[in-house]
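Now for the letters of each chain:
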Amino acid sequence: MLEVSINFKKEYPNVEKYYEGIWRYHKFLPPVNEIVSLGEGNTPLIKSKQHQNLYYKFEGSNPTGSFKDRGMSFAISLAKSNNVKKIIVASTGNTAASASAYSARAGIECYVILPKGKVAKGKLMQSILHGAKIIEIEGNFDLALKSVFERIKENKIIYPLNSFNPWRLEGQKTISLELYEKLNFIDNIIVPVGNAGNISAIWKGFKELHELGLLEKLPKMIGVQAEGAAPLANAWEKSLDKPVFVEQPETKATAIRIGRPVNWQKAMKAVKESEGFFVKVKDEEIIEAQKRLARIEGIGAELASAASYAAFLKIKEKINLNIEKTVLILTGHALKDPESILNNYL
Ligand code: AN7
(Lines give C-alpha, C1' and ligand atoms only; values in the text may rest on other atoms or scores of the structure.)
Protein backbone atom coordinates (compact mmCIF):
# COMPACT_ATOMS: atom_id res chain seq x y z
CA MET A 1 0.00 0.00 0.00
CA LEU A 2 1.16 3.48 -0.70
CA GLU A 3 1.67 5.45 2.42
CA VAL A 4 -0.42 8.51 1.66
CA SER A 5 -3.01 10.81 2.91
CA ILE A 6 -2.15 13.97 1.16
CA ASN A 7 -3.68 17.32 0.94
CA PHE A 8 -0.85 18.62 -1.18
CA LYS A 9 -0.90 22.20 -0.14
CA LYS A 10 -1.83 21.73 3.51
CA GLU A 11 0.20 18.75 4.54
CA TYR A 12 3.31 19.23 2.43
CA PRO A 13 3.78 22.97 2.14
CA ASN A 14 7.55 22.51 1.84
CA VAL A 15 7.80 19.47 -0.37
CA GLU A 16 8.52 21.54 -3.46
CA LYS A 17 11.63 22.83 -1.76
CA TYR A 18 13.20 19.41 -1.66
CA TYR A 19 11.74 17.59 -4.62
CA GLU A 20 10.95 18.69 -8.12
CA GLY A 21 8.76 17.36 -10.89
CA ILE A 22 7.55 13.80 -10.46
CA TRP A 23 9.49 13.43 -7.22
CA ARG A 24 7.16 15.87 -5.50
CA TYR A 25 4.80 12.89 -5.50
CA HIS A 26 7.24 10.49 -3.90
CA LYS A 27 4.57 9.57 -1.37
CA PHE A 28 2.60 8.07 -4.23
CA LEU A 29 5.58 6.08 -5.48
CA PRO A 30 7.25 2.96 -4.10
CA PRO A 31 10.41 3.81 -2.15
CA VAL A 32 13.79 4.04 -3.87
CA ASN A 33 17.27 4.41 -2.41
CA GLU A 34 18.57 6.61 -5.13
CA ILE A 35 16.86 9.17 -7.35
CA VAL A 36 17.95 9.48 -10.98
CA SER A 37 16.34 12.67 -12.19
CA LEU A 38 16.76 15.18 -15.00
CA GLY A 39 13.92 17.43 -13.90
CA GLU A 40 11.08 15.47 -15.55
CA GLY A 41 7.42 16.31 -14.99
CA ASN A 42 5.84 19.59 -13.98
CA THR A 43 5.00 20.14 -17.64
CA PRO A 44 2.91 23.07 -18.85
CA LEU A 45 -0.85 22.91 -18.88
CA ILE A 46 -1.84 25.27 -21.67
CA LYS A 47 -5.38 26.56 -22.06
CA SER A 48 -6.72 26.37 -25.59
CA LYS A 49 -7.19 29.62 -27.42
CA GLN A 50 -9.80 28.14 -29.72
CA HIS A 51 -11.98 25.93 -27.58
CA GLN A 52 -13.72 26.48 -24.29
CA ASN A 53 -12.72 24.21 -21.42
CA LEU A 54 -9.92 22.56 -23.40
CA TYR A 55 -6.39 22.20 -22.04
CA TYR A 56 -3.19 20.82 -23.53
CA LYS A 57 -0.79 18.96 -21.24
CA PHE A 58 2.46 19.52 -23.11
CA GLU A 59 4.71 16.56 -22.36
CA GLY A 60 7.13 17.69 -25.06
CA SER A 61 8.73 19.91 -22.46
CA ASN A 62 10.18 16.97 -20.54
CA PRO A 63 14.01 16.67 -20.54
CA THR A 64 14.22 14.38 -23.59
CA GLY A 65 11.04 15.75 -25.14
CA SER A 66 8.39 13.18 -24.24
CA PHE A 67 6.29 11.79 -21.37
CA LYS A 68 8.55 8.74 -21.29
CA ASP A 69 10.92 10.63 -18.99
CA ARG A 70 8.48 10.37 -16.09
CA GLY A 71 8.43 6.58 -16.20
CA MET A 72 12.09 6.32 -17.03
CA SER A 73 13.18 8.51 -14.12
CA PHE A 74 11.29 6.31 -11.70
CA ALA A 75 12.17 2.95 -13.27
CA ILE A 76 15.86 3.78 -13.68
CA SER A 77 15.96 5.06 -10.10
CA LEU A 78 14.61 1.74 -8.94
CA ALA A 79 16.99 -0.17 -11.22
CA LYS A 80 19.92 1.83 -9.91
CA SER A 81 18.75 1.30 -6.33
CA ASN A 82 18.80 -2.44 -7.03
CA ASN A 83 22.24 -2.39 -8.59
CA VAL A 84 21.10 -3.14 -12.16
CA LYS A 85 23.98 -2.78 -14.60
CA LYS A 86 22.33 -3.26 -18.01
CA ILE A 87 18.92 -2.38 -19.35
CA ILE A 88 17.17 -3.01 -22.65
CA VAL A 89 14.17 -1.50 -24.46
CA ALA A 90 12.44 -1.94 -27.79
CA SER A 91 11.18 1.36 -29.08
CA THR A 92 9.55 3.42 -31.77
CA GLY A 93 12.03 6.08 -30.64
CA ASN A 94 10.97 8.02 -27.57
CA THR A 95 11.39 5.23 -25.05
CA ALA A 96 14.87 4.65 -26.46
CA ALA A 97 15.77 8.35 -26.28
CA SER A 98 14.62 8.55 -22.70
CA ALA A 99 16.21 5.25 -21.61
CA SER A 100 19.48 6.36 -23.21
CA ALA A 101 19.60 9.66 -21.33
CA TYR A 102 18.56 8.29 -17.92
CA SER A 103 20.92 5.30 -18.24
CA ALA A 104 23.77 7.67 -19.00
CA ARG A 105 22.90 9.67 -15.92
CA ALA A 106 22.74 6.51 -13.81
CA GLY A 107 25.89 4.95 -15.25
CA ILE A 108 23.91 1.95 -16.53
CA GLU A 109 24.59 0.28 -19.87
CA CYS A 110 21.65 0.77 -22.26
CA TYR A 111 20.61 -1.37 -25.24
CA VAL A 112 17.89 -0.16 -27.58
CA ILE A 113 16.20 -2.23 -30.28
CA LEU A 114 14.70 -0.11 -33.04
CA PRO A 115 12.69 -0.83 -36.18
CA LYS A 116 15.14 0.11 -38.92
CA GLY A 117 14.18 3.18 -40.98
CA LYS A 118 11.03 3.80 -38.94
CA VAL A 119 12.37 5.89 -36.10
CA ALA A 120 12.24 9.70 -36.38
CA LYS A 121 15.73 11.16 -36.78
CA GLY A 122 15.58 13.35 -33.67
CA LYS A 123 14.89 10.29 -31.51
CA LEU A 124 17.59 8.17 -33.15
CA MET A 125 19.99 11.06 -32.69
CA GLN A 126 19.25 11.09 -28.95
CA SER A 127 20.11 7.41 -28.50
CA ILE A 128 23.34 7.95 -30.41
CA LEU A 129 24.12 11.14 -28.48
CA HIS A 130 23.68 9.50 -25.08
CA GLY A 131 25.80 6.53 -26.07
CA ALA A 132 23.27 3.69 -26.09
CA LYS A 133 24.07 0.42 -27.88
CA ILE A 134 21.73 0.50 -30.84
CA ILE A 135 20.40 -2.64 -32.50
CA GLU A 136 18.30 -2.05 -35.61
CA ILE A 137 16.03 -4.82 -36.80
CA GLU A 138 14.21 -5.40 -40.08
CA GLY A 139 10.57 -5.25 -39.03
CA ASN A 140 8.27 -3.21 -36.85
CA PHE A 141 8.15 -2.36 -33.13
CA ASP A 142 6.21 -5.51 -32.28
CA LEU A 143 9.06 -7.63 -33.60
CA ALA A 144 11.57 -5.48 -31.71
CA LEU A 145 9.65 -6.13 -28.49
CA LYS A 146 9.63 -9.85 -29.23
CA SER A 147 13.37 -9.65 -29.54
CA VAL A 148 13.56 -8.02 -26.08
CA PHE A 149 11.64 -10.96 -24.58
CA GLU A 150 14.00 -13.44 -26.27
CA ARG A 151 17.11 -11.60 -25.11
CA ILE A 152 16.03 -11.37 -21.48
CA LYS A 153 15.26 -15.09 -21.49
CA GLU A 154 18.80 -15.81 -22.69
CA ASN A 155 20.53 -13.16 -20.62
CA LYS A 156 19.10 -12.86 -17.13
CA ILE A 157 21.26 -9.93 -16.08
CA ILE A 158 19.77 -7.53 -18.61
CA TYR A 159 16.74 -5.69 -17.23
CA PRO A 160 13.85 -4.82 -19.58
CA LEU A 161 12.35 -1.35 -19.35
CA ASN A 162 9.47 -1.39 -21.78
CA SER A 163 6.07 -0.45 -20.44
CA PHE A 164 5.15 -4.03 -19.52
CA ASN A 165 7.51 -3.20 -16.67
CA PRO A 166 5.04 -1.77 -14.12
CA TRP A 167 7.59 0.66 -12.62
CA ARG A 168 7.46 2.70 -15.81
CA LEU A 169 3.74 3.20 -15.31
CA GLU A 170 4.27 4.29 -11.71
CA GLY A 171 6.32 7.23 -12.92
CA GLN A 172 3.91 8.06 -15.72
CA LYS A 173 0.88 8.16 -13.43
CA THR A 174 2.24 11.48 -12.10
CA ILE A 175 0.61 13.14 -15.14
CA SER A 176 -2.72 12.61 -13.37
CA LEU A 177 -1.44 13.99 -10.06
CA GLU A 178 -0.30 17.18 -11.78
CA LEU A 179 -3.61 17.52 -13.59
CA TYR A 180 -5.51 17.01 -10.36
CA GLU A 181 -3.52 19.71 -8.62
CA LYS A 182 -4.19 22.22 -11.39
CA LEU A 183 -7.73 21.38 -12.45
CA ASN A 184 -9.21 19.21 -9.74
CA PHE A 185 -11.79 17.11 -11.59
CA ILE A 186 -11.65 16.63 -15.35
CA ASP A 187 -14.38 15.23 -17.56
CA ASN A 188 -12.43 13.83 -20.51
CA ILE A 189 -8.79 12.92 -21.11
CA ILE A 190 -7.68 12.18 -24.66
CA VAL A 191 -4.47 10.11 -24.97
CA PRO A 192 -2.66 8.74 -28.02
CA VAL A 193 -2.27 4.98 -27.70
CA GLY A 194 0.57 2.83 -29.00
CA ASN A 195 1.69 0.14 -26.60
CA ALA A 196 -1.11 1.38 -24.32
CA GLY A 197 1.08 2.01 -21.28
CA ASN A 198 0.40 5.71 -20.85
CA ILE A 199 -3.39 5.52 -20.90
CA SER A 200 -3.16 2.72 -18.29
CA ALA A 201 -0.77 4.76 -16.14
CA ILE A 202 -2.93 7.89 -16.26
CA TRP A 203 -5.99 5.89 -15.26
CA LYS A 204 -4.03 4.36 -12.37
CA GLY A 205 -3.14 7.85 -11.15
CA PHE A 206 -6.75 8.99 -11.16
CA LYS A 207 -7.96 5.80 -9.53
CA GLU A 208 -5.49 6.25 -6.67
CA LEU A 209 -6.64 9.84 -6.11
CA HIS A 210 -10.20 8.59 -6.13
CA GLU A 211 -9.50 5.75 -3.70
CA LEU A 212 -7.87 8.22 -1.32
CA GLY A 213 -11.02 10.27 -1.36
CA LEU A 214 -9.26 13.24 -2.92
CA LEU A 215 -10.99 13.08 -6.27
CA GLU A 216 -14.73 12.49 -6.45
CA LYS A 217 -15.33 12.26 -10.16
CA LEU A 218 -13.14 10.16 -12.43
CA PRO A 219 -12.52 11.32 -16.01
CA LYS A 220 -13.53 9.44 -19.13
CA MET A 221 -10.42 7.96 -20.76
CA ILE A 222 -10.46 8.39 -24.54
CA GLY A 223 -7.75 6.43 -26.39
CA VAL A 224 -6.68 7.48 -29.87
CA GLN A 225 -5.00 5.34 -32.50
CA ALA A 226 -3.89 6.00 -36.06
CA GLU A 227 -6.11 4.30 -38.61
CA GLY A 228 -3.35 2.02 -39.92
CA ALA A 229 -2.31 0.93 -36.43
CA ALA A 230 -5.62 0.67 -34.58
CA PRO A 231 -5.89 -2.75 -32.89
CA LEU A 232 -7.84 -1.31 -29.95
CA ALA A 233 -9.98 1.24 -31.80
CA ASN A 234 -10.96 -1.44 -34.34
CA ALA A 235 -11.92 -3.84 -31.56
CA TRP A 236 -13.94 -1.08 -29.89
CA GLU A 237 -15.89 -0.40 -33.07
CA LYS A 238 -16.84 -4.06 -33.25
CA SER A 239 -17.57 -4.31 -29.51
CA LEU A 240 -14.90 -6.99 -29.10
CA ASP A 241 -13.20 -7.71 -25.77
CA LYS A 242 -9.80 -8.28 -27.36
CA PRO A 243 -7.73 -6.21 -29.77
CA VAL A 244 -7.68 -7.00 -33.45
CA PHE A 245 -3.89 -7.26 -33.77
CA VAL A 246 -2.45 -5.56 -36.84
CA GLU A 247 0.44 -7.51 -38.38
CA GLN A 248 1.67 -4.69 -40.62
CA PRO A 249 0.89 -1.44 -38.79
CA GLU A 250 1.34 1.68 -40.91
CA THR A 251 1.10 5.36 -40.03
CA LYS A 252 3.14 8.50 -40.48
CA ALA A 253 2.87 8.93 -36.70
CA THR A 254 5.74 6.45 -36.24
CA ALA A 255 5.67 6.73 -32.43
CA ILE A 256 2.36 4.85 -32.39
CA ARG A 257 3.06 2.49 -35.29
CA ILE A 258 2.30 -0.52 -33.09
CA GLY A 259 0.09 -3.48 -33.98
CA ARG A 260 0.21 -5.58 -30.81
CA PRO A 261 -0.08 -3.29 -27.76
CA VAL A 262 1.42 -5.13 -24.83
CA ASN A 263 -0.72 -3.31 -22.24
CA TRP A 264 -3.99 -3.88 -24.07
CA GLN A 265 -5.72 -5.52 -21.12
CA LYS A 266 -5.02 -2.64 -18.76
CA ALA A 267 -5.99 -0.09 -21.39
CA MET A 268 -9.28 -1.79 -22.23
CA LYS A 269 -10.10 -1.97 -18.55
CA ALA A 270 -9.29 1.73 -18.12
CA VAL A 271 -11.45 2.77 -21.03
CA LYS A 272 -14.36 0.56 -20.00
CA GLU A 273 -14.27 1.41 -16.29
CA SER A 274 -14.07 5.11 -17.04
CA GLU A 275 -16.93 4.91 -19.55
CA GLY A 276 -14.67 6.29 -22.22
CA PHE A 277 -13.94 4.91 -25.68
CA PHE A 278 -11.30 4.32 -28.35
CA VAL A 279 -11.30 6.23 -31.59
CA LYS A 280 -9.10 6.18 -34.68
CA VAL A 281 -7.93 9.06 -36.85
CA LYS A 282 -6.50 9.23 -40.36
CA ASP A 283 -2.93 10.38 -41.02
CA GLU A 284 -4.27 13.41 -42.93
CA GLU A 285 -6.35 14.37 -39.91
CA ILE A 286 -3.29 14.04 -37.67
CA ILE A 287 -1.21 16.27 -39.95
CA GLU A 288 -3.99 18.85 -40.08
CA ALA A 289 -4.30 18.77 -36.29
CA GLN A 290 -0.54 19.18 -35.90
CA LYS A 291 -0.70 22.24 -38.17
CA ARG A 292 -3.57 23.79 -36.23
CA LEU A 293 -1.82 23.25 -32.93
CA ALA A 294 1.36 24.79 -34.29
CA ARG A 295 -0.12 27.68 -36.24
CA ILE A 296 -3.02 28.71 -34.03
CA GLU A 297 -1.98 27.66 -30.53
CA GLY A 298 1.78 27.98 -31.03
CA ILE A 299 2.43 24.44 -29.79
CA GLY A 300 4.88 22.17 -31.62
CA ALA A 301 3.79 18.58 -31.02
CA GLU A 302 5.01 15.49 -32.84
CA LEU A 303 2.51 13.64 -35.04
CA ALA A 304 1.57 10.94 -32.52
CA SER A 305 0.76 13.66 -30.02
CA ALA A 306 -1.29 15.65 -32.47
CA ALA A 307 -3.46 12.52 -32.81
CA SER A 308 -5.18 13.53 -29.58
CA TYR A 309 -6.14 16.89 -31.07
CA ALA A 310 -7.26 15.20 -34.28
CA ALA A 311 -9.49 12.96 -32.15
CA PHE A 312 -10.85 15.95 -30.26
CA LEU A 313 -11.80 17.66 -33.54
CA LYS A 314 -13.47 14.44 -34.68
CA ILE A 315 -15.52 13.82 -31.54
CA LYS A 316 -16.15 17.31 -30.24
CA GLU A 317 -19.87 17.04 -31.00
CA LYS A 318 -20.02 14.29 -28.38
CA ILE A 319 -18.62 16.63 -25.73
CA ASN A 320 -20.54 19.47 -24.11
CA LEU A 321 -17.85 22.10 -24.56
CA ASN A 322 -19.71 24.57 -22.38
CA ILE A 323 -19.30 22.55 -19.23
CA GLU A 324 -17.02 19.56 -19.79
CA LYS A 325 -13.37 20.06 -18.93
CA THR A 326 -11.22 18.19 -21.45
CA VAL A 327 -7.47 17.60 -21.42
CA LEU A 328 -5.40 16.48 -24.40
CA ILE A 329 -2.13 14.76 -23.62
CA LEU A 330 0.42 16.09 -26.11
CA THR A 331 2.95 13.33 -25.60
CA GLY A 332 6.04 14.52 -27.49
CA HIS A 333 7.82 17.49 -29.05
CA ALA A 334 7.73 18.43 -32.76
CA LEU A 335 11.54 18.70 -32.79
CA LYS A 336 11.69 14.92 -32.51
CA ASP A 337 10.75 14.52 -36.14
CA PRO A 338 11.88 17.36 -38.41
CA GLU A 339 11.78 15.14 -41.50
CA SER A 340 8.06 14.51 -41.28
CA ILE A 341 7.41 18.25 -41.20
CA LEU A 342 9.65 18.82 -44.22
CA ASN A 343 8.06 15.93 -46.13
CA ASN A 344 4.44 16.64 -45.22
CA TYR A 345 4.42 20.42 -45.39
CA LEU A 346 6.78 21.49 -48.19
C1 AN7 B 1 4.95 10.65 -28.65
O2 AN7 B 1 8.89 5.06 -27.69
O3 AN7 B 1 6.10 3.08 -27.73
O4 AN7 B 1 0.53 3.92 -25.52
O5 AN7 B 1 8.75 2.92 -27.96
O6 AN7 B 1 6.30 8.19 -28.30
O7 AN7 B 1 2.23 4.30 -23.74
O8 AN7 B 1 2.88 3.29 -25.91
C9 AN7 B 1 6.18 5.44 -27.85
C10 AN7 B 1 4.89 5.71 -27.63
C11 AN7 B 1 2.29 8.34 -27.68
C12 AN7 B 1 2.09 5.96 -27.10
N13 AN7 B 1 2.96 9.43 -28.05
O14 AN7 B 1 2.25 5.67 -25.74
C15 AN7 B 1 8.22 4.03 -27.81
C16 AN7 B 1 6.76 4.11 -27.79
C17 AN7 B 1 4.28 9.39 -28.26
C18 AN7 B 1 4.98 8.19 -28.10
C19 AN7 B 1 2.92 7.12 -27.52
C20 AN7 B 1 4.28 7.02 -27.75
P21 AN7 B 1 1.96 4.22 -25.18
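Structure report, in brief. Everything numeric here is computed off the predicted structure, so don't read it as measured data.

Turning to the overall build of the protein chain, a few remarks are in order. Each helix and strand counted, the protein chain has 14 helices and 10 strands in total. Its C-alpha atoms give the protein chain a radius of gyration of 19 Å, within 12% of the compact-globule value 20 Å for 346 residues. Expressed along its principal axes, the backbone C-alpha trace of the protein chain runs to roughly 55 × 50 × 40 Å. For the protein chain, buried positions account for 60% of its 346 residues. Of the contacts formed within the protein chain by residues at least 6 apart in sequence, a portion of 71% connects residues at least 24 apart.

The residue Ser73 is located in helix H3 (residues 68-81) in this model. The exposure class of Ser73 is buried, given its relative accessible area of 0%. Look past the residues within four positions of Ser73 in its chain and what remains in contact with it is Ile22, Trp23, Val36, Ser37, Glu40 and Tyr102.

Attention shifts here to the layout of surface pockets. In this structure, the largest pocket spans a volume of roughly 330 Å³. As for the largest pocket, its lining consists of 19 residues, and the residues nearest its centre are Gly117, Lys118, Thr254, Asp337 and Glu339. Here the lining of the largest pocket gets four residues from one element, more than from any other, and that element is helix H14 (residues 338-345). Among the residues making up the lining of the largest pocket, the classes are represented as five nonpolar, six polar and eight charged.

For the ligand, the set of nearby residues contains 23 residues, the closest of which are Asn94, Thr95, Asn195, Ala196 and Thr331. Thr92 is positioned with one of its backbone polar atoms (N or O) 2.8 Å from an oxygen atom of the ligand. Thr331 has a polar side-chain atom sitting 2.7 Å from a nitrogen atom of the ligand. Its free accessible area being 470 Å², the ligand has 99% of it covered by the protein chains. In this structure, the ligand is accommodated by the largest cavity. Those elements that place two or more of their residues in the shell around the ligand are helix H4 (94-106), helix H9 (197-211) and helix H13 (303-315). Residues belonging to the shell around the ligand are distributed by class as follows: nine nonpolar, 12 polar and two charged.

Running from amino to carboxyl end, helix H12 (residues 283-297) crosses H13 at an angle of 95°, the nearest separation of the two axes being 7 Å. When the axes of H12 and H13 are compared, the pair comes out roughly perpendicular. Between H12 and H13, the residues in contact are Glu285, Ile286, Ile287, Ala289, Gln290, Arg292 and Leu293 and Leu303, Ala306, Ala307, Tyr309, Ala310, Leu313 and Lys314, respectively. Its residues assigned to classes, the contact of H12 with H13 shows 10 nonpolar, one polar and three charged.

Definitions and cut-offs
- Sequence order as written defines residue numbering, which begins from 1 separately in each chain.
- The predicted nature of this model means local features are confined to residues of pLDDT at least 70 and side-chain atom pairs, given and counted, to a pLDDT of 80 or more, with totals for whole chains, interfaces and linings taken over all residues.
- Derived side-chain values reflect all non-hydrogen atoms in the structure, with water molecules and hydrogen atoms excluded from consideration.
- Going along the chain from the N terminus, every DSSP run of H or I of four or more residues is numbered as a helix, and every run of E of two or more is numbered as a strand.
- We take the radius of gyration over the C-alpha atoms and set the globule estimate at 2.2 Å times the residue count to the 0.38 power.
- Burial classes: relative accessible area under 20% of the type maximum marks a residue as buried, over 50% as exposed, and values in between as partly exposed (1.4 Å probe, protein chains only).
- Two residues qualify as a contact provided that any one of their heavy atoms is within 4.5 Å of a heavy atom in the partner residue.
- Cavities and pockets are defined on a 1 Å grid built over the protein atoms alone: a cavity is a set of grid points where a 1.4 Å probe fits but cannot escape, while a pocket is an open set with protein on both sides within 12 Å along at least five of seven lines, and lining residues are those with an atom within 4 Å of any such point.
- Grid points are joined across faces, edges and corners, and a volume is the space filled by probe spheres set on the points.
- When residue character is reported, Ala, Val, Leu, Ile, Met, Phe, Trp, Tyr, Cys and Pro are called nonpolar, Asp, Glu, Lys and Arg charged, and the others, Gly included, polar.
- A single heavy atom is enough: if one lies within 4 Å of a molecule or strand, its residue is considered near that molecule or strand.
- Each polar contact in these results corresponds to two N or O atoms within 3.5 Å; when the atoms are within protein, one needs to be able to donate a hydrogen and the other to accept it, and residues that are neighboring in sequence are counted only if both atoms are side-chain atoms.
- In short, Shrake-Rupley with a 1.4 Å probe defines the accessible areas, and a residue's cover is counted only from the protein chains shown.
- Each molecule is checked against the cavity or pocket grid, and it sits inside if more than half of its atoms lie within 2 Å of the grid points.
- Whenever a helix is involved, its axis is fitted only over the stretch in contact; in every case the axis is a line through C-alpha atoms, and angles between N-to-C directions fall within 0 to 180 degrees.
- The scheme is simple: roughly parallel for angles under 35 degrees, roughly antiparallel for over 145, roughly perpendicular for 65 to 115, oblique for anything else.

Keep in mind that these numbers describe shape and distance, not what the molecule does.
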